[in-house]
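Residue-level structure breakdown
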Amino acid sequence: MYSIKELGLTLDIEDNLLSNIIDIGVQHYPNEFGGFLIGNYSDDQTHLSITNTILPNKFKGTPYLFERDTIGIENKLKQFYAEKPKKFYLGEWHTHPNNLPIPSGTDINAINSIANHNEVSIKNPIMLIIGYNKTKVEFGFYVQFKNKLYRYE
């Protein structure tokens, strides 16, 4: 369980899902890789459960950049939305090979773009960054809230 006490927000993710996301990202070493985060909120919107990931069908990864396309993602999102309980797009995840899980300027611009996009129904997107090298894996969960980026601890 992760939290941002200042905002009264909590987040959970199953260990096996997090391990799976890390494994997928590391398979693309030395390039960055990422995907979409899926899950749901509590009724009072203060607790977030990340339950799934969707991988992009089309992407470009370099050691310092990850760009993904949304081609074919809409149908997968509709399938999650049809489940009971409904699952929603929550945000994005990506790796930082040989680096720390700290948002770059590009990452901040991307999450701001998601938060302000007309066709995205989520106003407080989540970003998971996985920083790793040959001996260590670290991750950071962040949320864009009222035009400011906060880190879950």
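Everything below is about the structure shown above.
Residues numbered from 1 in each chain as written. Predicted model: local features only at pLDDT ≥ 70, side-chain atom pairs only at ≥ 80, totals over all residues. Heavy atoms only, no water.

Turning to the overall build of the protein, a few remarks are in order. What the protein contains, in helices and strands, is three helices and ten strands. Mapped from its N terminus to its C terminus, the protein presents α and β elements in the order β-β-α-β-β-β-β-α-β-α-β-β-β. A globule of 153 residues ought to have a C-alpha radius of gyration of about 15 Å, and the protein, at 15 Å, matches this closely. Principal axes of the C-alpha set define a box for the protein whose edges measure 40 × 35 × 30 Å. Taking all 153 residues of the protein together, the buried fraction comes to 41%. (Helix = DSSP H or I, 4+ residues; strand = E, 2+ residues; numbered from the N terminus. Rg over C-alpha atoms; globule rule 2.2 N^0.38 Å. Buried < 20%, exposed > 50% of the residue type's maximum accessible area, 1.4 Å probe, protein only.)

Pairing within the open sheet is mixed, and its eight strands lie in the order β1-β2-β4-β3-β7-β8-β9-β10. With one partner strand each, in any of the chains shown, β1 (2–4) and β10 (148–151) form the two edges of the open sheet. Taking each pair of neighbouring strands and ignoring which way they run, the sheet shows an average axis angle of 30°. The pairing of strand β8 (residues 126–132) with strand β9 (residues 137–145) spans seven bridges and is antiparallel. Along β9, the bridge assignment pairs G131 with E138. (Pairing = 2+ DSSP bridges. Axes fitted to C-alpha atoms, helices over the stretch in contact; angles between N-to-C directions.)

With that settled, the discussion passes to the layout of surface pockets. The space that makes up the largest pocket amounts to roughly 1200 Å³. Contributing to the lining of the largest pocket are 40 residues, with F36, R68, Y89, E92 and I114 lying nearest its centre. At the level of elements, β3 (34–41), β6 (65–68), α2 (73–82), β7 (88–97), α3 (105–116) and β8 are the ones that each hand at least two residues to the lining of the largest pocket. Per element, the largest residue contribution to the lining of the largest pocket is eight residues, and it comes from β7. Its residues assigned to classes, the lining of the largest pocket comprises 20 nonpolar, eleven polar and nine charged. Taken as a whole, the second largest pocket encloses approximately 270 Å³ of empty space. (1 Å grid on protein atoms, 1.4 Å probe; cavity = no way out; pocket = protein on both sides within 12 Å on 5 of 7 lines; lining within 4 Å. Points joined across faces, edges and corners; volume = space filled by probe spheres on them. Nonpolar A, V, L, I, M, F, W, Y, C, P; charged D, E, K, R; others polar.)

On to the pattern of salt bridges, then. Tallied over the entire structure, the rule returns four salt bridges. Among the ionic pairs, R68 bridges to E92, the shortest N-O distance being 2.8 Å. Taken together, the residues span a long stretch of sequence, with R68 in strand β6 and E92 in strand β7 at a distance of 24 residues. We note a salt bridge from K87 to E83, for which the minimum N-O separation is 3.1 Å. With a relative accessible area of 16%, K87 lands in the buried category. Residue classification places E83 among the partly exposed positions, given a relative accessible area of 31%. (Salt bridge = Lys/Arg side-chain N within 4 Å of Asp/Glu carboxyl O.)

All right, on to the pairing of β9 then. Linking β8 back to β9 in an antiparallel pair, the connection comprises four residues. Looking at chain direction, β9 and β10 are connected through four bridges and run antiparallel. The partner of Y142 across the bridge, within β10, is R151.

With respect to the helices, strands and loops of the structure, P56 is situated in the loop between β4 (47–54) and β5 (59–62). The sequence separation of P56 and G8 amounts to 48 residues, and the corresponding C-alpha distance is 32 Å. Excluding anything up to four places from it in sequence, P56 contacts F33, G34, G35, F36, F66, R68, D69 and I73. (Contact = heavy atoms within 4.5 Å.)

Functional significance is not addressed by these values, which are geometric in nature.
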